[in-house]
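Each chain, letter by letter, is given below.
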Amino acid sequence: MTVHEPIYITTPLYYVNDELHLGHATTTIYADTLARFWRACGRPVLFLTGSDEHGQKIHKAATAAGTDPKSFADRIVGKFFELWDALDITYDVFIRTTDDFHKHAVQQLFTRLNSNGLVYTGKYEALYCVDCETNSTEKDLVEGRCPIHKSVPQKVQEENWFFRLSAFTDRVREHIEKHPASIVPEARRNEILGKLKEGLLDSSVSRTTFTWGVPLPWDSRHVLWVWSDALVNYISALGWPGGKALPTDAIAGRRRHQHTRAVGETPFAYWWPHSVHLVGKDILWHHTAVWWSMLLGAGISPPRQVFAHGWWTVEGDKMSKTLGNVIRPLDVATRYGRDALRYHVLREGPARGDADWRQALFVARYNADLANGLGNLVNRSLNMLGKYCDGKVPAEAAFADPALETLRLALGARVDRLLGALSAKVSELDLDGALEEIWLLVRDANAFVNTSAPFKLAKDPARKQDLQAAMHALCQVVHALCHAVAPFLPDAGTRIAAQLQLAPGQPLPEGLRWGALPAGHQTGKPEPLFARIEEANA
RNA sequence: GGCUGGGUAGCUCAGGUGGUUAGAGCAUAGGAUUCAUAACCCUAAGGUCGCGGGUUCGACUCCCGCCCCAGCUACCA
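The rules behind the values
Residues numbered from 1 in each chain as written. Chains lettered and ligands numbered in written order. Predicted model: local features only at pLDDT ≥ 70, side-chain atom pairs only at ≥ 80, totals over all residues. Heavy atoms only, no water. Helix = DSSP H or I, 4+ residues; strand = E, 2+ residues; numbered from the N terminus. Rg over C-alpha atoms; globule rule 2.2 N^0.38 Å. Contact = heavy atoms within 4.5 Å. Areas by Shrake-Rupley, 256 points an atom, 1.4 Å probe, with all protein chains shown as cover. Buried < 20%, exposed > 50% of the residue type's maximum accessible area, 1.4 Å probe, protein only. Polar contact = N/O pair within 3.5 Å; in protein donor to acceptor, adjacent residues only side chain to side chain. Near = heavy atom within 4 Å. 1 Å grid on protein atoms, 1.4 Å probe; cavity = no way out; pocket = protein on both sides within 12 Å on 5 of 7 lines; lining within 4 Å. Points joined across faces, edges and corners; volume = space filled by probe spheres on them. Pairing = 2+ DSSP bridges. Salt bridge = Lys/Arg side-chain N within 4 Å of Asp/Glu carboxyl O. Core = buried A, V, L, I, M, F, W, Y, C linked by side-chain atoms within 4.5 Å. Domains from an automatic or database assignment. Nonpolar A, V, L, I, M, F, W, Y, C, P; charged D, E, K, R; others polar. Phe/Tyr/Trp six-rings, centres within 6.5 Å; stacked < 30°, edge-to-face > 60°.

## What about the overall build of chain A?
For chain A, the helix and strand inventory stands at 19 helices and 16 strands. Whereas a compact globule of 538 residues would reach a radius of gyration of roughly 24 Å, chain A reaches 27 Å, a difference of no more than 12%. With respect to the three principal axes, the spread of C-alpha positions in chain A is 90 × 55 × 45 Å. Nonlocal contacts in chain A, meaning residues at least 24 apart in sequence, comprise 77% of its contacts between residues at least 6 apart. Accessible area for chain A stands at about 22900 Å²; split by element, carbon and sulfur atoms hold 51% of it.

Put into structure tokens, the structure is as follows:
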């Protein structure tokens, strides 16, 4: 593991036209977990999220709400901030596409594309379905009519600026083939490669029918189309092209964590080669073919990796406003705790394919893994420590019984192996797999309690040394779990640390070591970590 | 239609360059235990590894065909 290699983790910028739902929270929780894990490993991390605020939709929504687009965006962004606060998302940078520095970067990028001969004016023709409020292509229509509304779309024609996407088909494909890990999972990479086989078509990047956007520097009648503007955030946030510091550092309220500083070079030069974009599967195309072409056209390398996750369904149905089954992350967090939300997202979420949010499964997993598994282990261990050792960590000791001693050593070996196992899984963005590694330890440790039975040893003065061996081992396990769990379940990490009377947030390489909790250390009062959920027929 | 995945225990999924009794977690049943949040631990039951052919001494794993599901099919955040 190269712990010193930086990593730049990004979520998409969420569009300010609506409340954020479980899908947005999922991407953000993945990102936050990665950020916390790598920070804990001592790796330089920059974690970016933000809001996408331009475009016709926002303009319309604002007008409908009787306000101007910026005020409208301000209001919605306020809700984003509240949600990420409530979920304790530790972003280093929150960018808004209405930030001046971003607009300037976008303009510079397009100026560069223009001087490289990659944009030109052309006629944009589309069939606009008034009912869908969107453009459709001939292919979408059934007998010349919108398949949903059965209406005949109007032909709209507009003079637009076009980007020569078509010039990049081969370069993008070659890049993917040369860097297979640049798009994960593999099935998604194949999708993109498959589409690339058909070749890229030039795409229009500007609009003239509204003004809520970034004006083209050389033709101010045009504003850039939302995507053309939004994607640039990943580099504008770094101060591209030449900024010496992160632009958002100068703006109040734009970070919930103090990021690692780029050393010896500009933030862009430092972070960009280590960029990992987390996106939903719906926007993978934009984040690969389109975005990479824009970058290549401006002489910038594509991001190191794009990870596309799937979507949630809810009890088997598509999550939609119309069905009224939208899951609000804040509701879940308020009711069950934000760790419970995180755990379910990380454990059962759509990291590979799509996933189904089922309340019964949520409750079952919570009770089995969090309450009965981790929570109970920590609680029973610290309880016994309090009863049998006055809450003081005993010195390490060996069991007289060789079978028990073998178990003890195996437990120690598992603790010492955990950091490597976790790093391997997290490197592959397999957060579910990482949790499984942690729970292997939880299960082993619970079995160890039953087998070594400290509660029996405590009754037999002749077996004092065995009791010491058992309790020392359990202390080390709880200490290790406290650290291992923290990036995934931050509140649990903090609460275990409090019960151990330790400062939270110690680095993983020190925390995940057998013997790291010193003999004689006084622990605090044990408290259940996760109350069982008792819901009738949930 | 084309392309890409996938169909393995009730549920969610691992796995296998073909070779004795196919794995895990959850759920279920029985047992043991009392430190703990009626938690934990042990054991058991549970699968014709989508269907039909073929290759082979032998296939769930390879080949062919078929069925079913999901995703992608670009200007929709």
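## Describing the side chain of glutamine 476
Its place among the elements puts glutamine 476 in helix 17 (residues 464-485). By relative accessible area, which is 0% here, glutamine 476 ends up buried. A polar atom in the side chain of glutamine 476 sits 3.2 Å from the backbone nitrogen of alanine 516. Sequence-distant contacts of glutamine 476, that is, excluding residues within four places in its chain, are made with Val393, Arg513, Trp514, Gly515, Ala516 and Leu517.

## Comments concerning the protein's contact with RNA strand B
Around RNA strand B, the structure places 53 residues, and the nearest of them are Tyr15, Trp225, Trp227, Arg380 and Phe530. Considering the 4 Å shell around the protein, atoms of RNA strand B inside it are sugar or phosphate in 67% of instances. Between RNA strand B and aspartate 202 there is a distance of 3.4 Å, counted from a base nitrogen to a backbone nitrogen or oxygen. A distance of 3.3 Å is found between a sugar or linking oxygen of RNA strand B and a side-chain nitrogen or oxygen belonging to asparagine 379. Considering every element that reaches the surface near RNA strand B, the biggest residue donor is helix 13 (residues 359-389), with 12 residues.

## Considering empty space enclosed by the protein
Taken as a whole, this structure holds one cavity of 30 Å³ or more when the rule is applied. Volume-wise, the largest cavity comes out at about 40 Å³. What lines the largest cavity is Ala340, Tyr343, His344, Phe362, Arg365, Tyr366 and Leu370. At the level of elements, helix 12 (338-348) and helix 13 are the ones that each hand at least two residues to the lining of the largest cavity. Of all the elements, helix 13 adds the most residues to the lining of the largest cavity, at four residues.

## Considering the sheet that holds strand 15 (residues 317-318)
Across the sheet, which stays open at both edges, the three strands sit in the order 15-14-16 with mixed pairing between neighbours. The open sheet has two free edges, formed respectively by strand 15 and strand 16 (355-357), since each of these has just one partner strand. As judged from the three bridges shared by strand 14 (residues 312-314) and strand 16, these two strands associate in the parallel manner. The residue of strand 16 that forms the bridge with threonine 313 is aspartate 356.

## Topic: the sheet that holds strand 7 (residues 183-184)
Read across the open sheet, the six strands follow the order 3-2-1-12-13-7; overall the sheet is parallel. Edge positions in the sheet fall to strand 3 (93-96) and strand 7, since each of these pairs with one other strand and no more. Here seven bridges tie strand 1 (residues 7-15) to strand 2 (residues 45-52), and the two strands are oriented parallel to one another. Considered in strand 2, the bridge of leucine 13 is made with glycine 50.

## Describing the pattern of salt bridges
Following the criterion strictly, the structure yields 34 salt bridges and no others. Residues lysine 70 and aspartate 74 are paired through a salt bridge, measuring 3.0 Å at the closest nitrogen-oxygen approach. Of this pair, lysine 70 and aspartate 74 are both found in helix 3 (residues 69-86), four residues apart, which corresponds to roughly one turn of the helix. The partner of arginine 463 in a salt bridge is aspartate 466, and the shortest N-O contact between them spans 3.0 Å. A relative accessible area of 32% means that arginine 463 is categorised as partly exposed. A network of salt bridges, in which partner residues are shared, links Arg347, Glu348, Arg352, Arg365, Asp369, Asp430, Asp432 and Glu436.

## A word on the environment of arginine 463
By the secondary structure assignment, arginine 463 is in the loop between helix 16 (454-457) and helix 17. On a C-alpha basis, the gap between arginine 463 and phenylalanine 168 in space is 74 Å, while along the polypeptide they are 295 residues apart. Excluding its chain neighbours within four sequence positions, the residues that come into contact with arginine 463 are Leu404 and Leu457.

## Let's talk about the nonpolar core
The biggest cluster of nonpolar side chains holds 113 residues, and the ones touching the most others in it are Trp84, Leu374, Trp439 and Phe488. The element that contributes the greatest number of residues to this core is helix 17, accounting for 14 residues. Taken domain by domain, this core gets at least three of its residues from each of domain 1 (7-309) and domain 2 (338-537). Apart from the residues within four sequence positions on either side, phenylalanine 488 is in contact with Thr33, Phe37, Arg342, Leu346, Val426, Leu431, Ala434, Leu435 and Ile438.

## Some remarks on the layout of surface pockets
Considering only enclosed or pocket space, the second largest pocket measures out at about 370 Å³ in volume. For the lining of the second largest pocket, the secondary-structure elements that each account for two or more residues are helix 1 (22-40), helix 17 and helix 18 (490-500). With four residues, helix 18 is the largest single contributor of residues to the lining of the second largest pocket. Residues of the lining of the second largest pocket, tallied by class, amount to 11 nonpolar, seven polar and three charged. Both domains that meet at the lining of the second largest pocket, namely domain 1 (7-309) and domain 2 (338-537), each give it at least three residues.

## Things to note about the side chain of aspartate 219
Structurally, aspartate 219 is set in strand 11 (residues 219-224). Of the polar contacts made by the side chain of aspartate 219, one reaches the side chain of arginine 221; its length is 2.9 Å.

## Describing the packing of aromatic side chains
Evaluated as defined, the whole model comprises 20 aromatic pairs. Ring geometry for tyrosine 30 against phenylalanine 307: centres 6.5 Å apart, planes inclined by 80°, an arrangement best described as edge-to-face. You can see tyrosine 30 sitting in helix 1 and its partner phenylalanine 307 sitting in strand 13 (residues 305-309), a full 277 residues away along the chain. Phenylalanine 307 shares its class with tyrosine 30; the two are buried. Taken together, a centroid distance of 5.0 Å and an interplanar angle of 80° make the contact between phenylalanine 37 and tryptophan 38 edge-to-face. One exposure class covers both phenylalanine 37 and tryptophan 38, and it is buried.

Interpretation note: all reported values are geometric properties and have no functional meaning in isolation.
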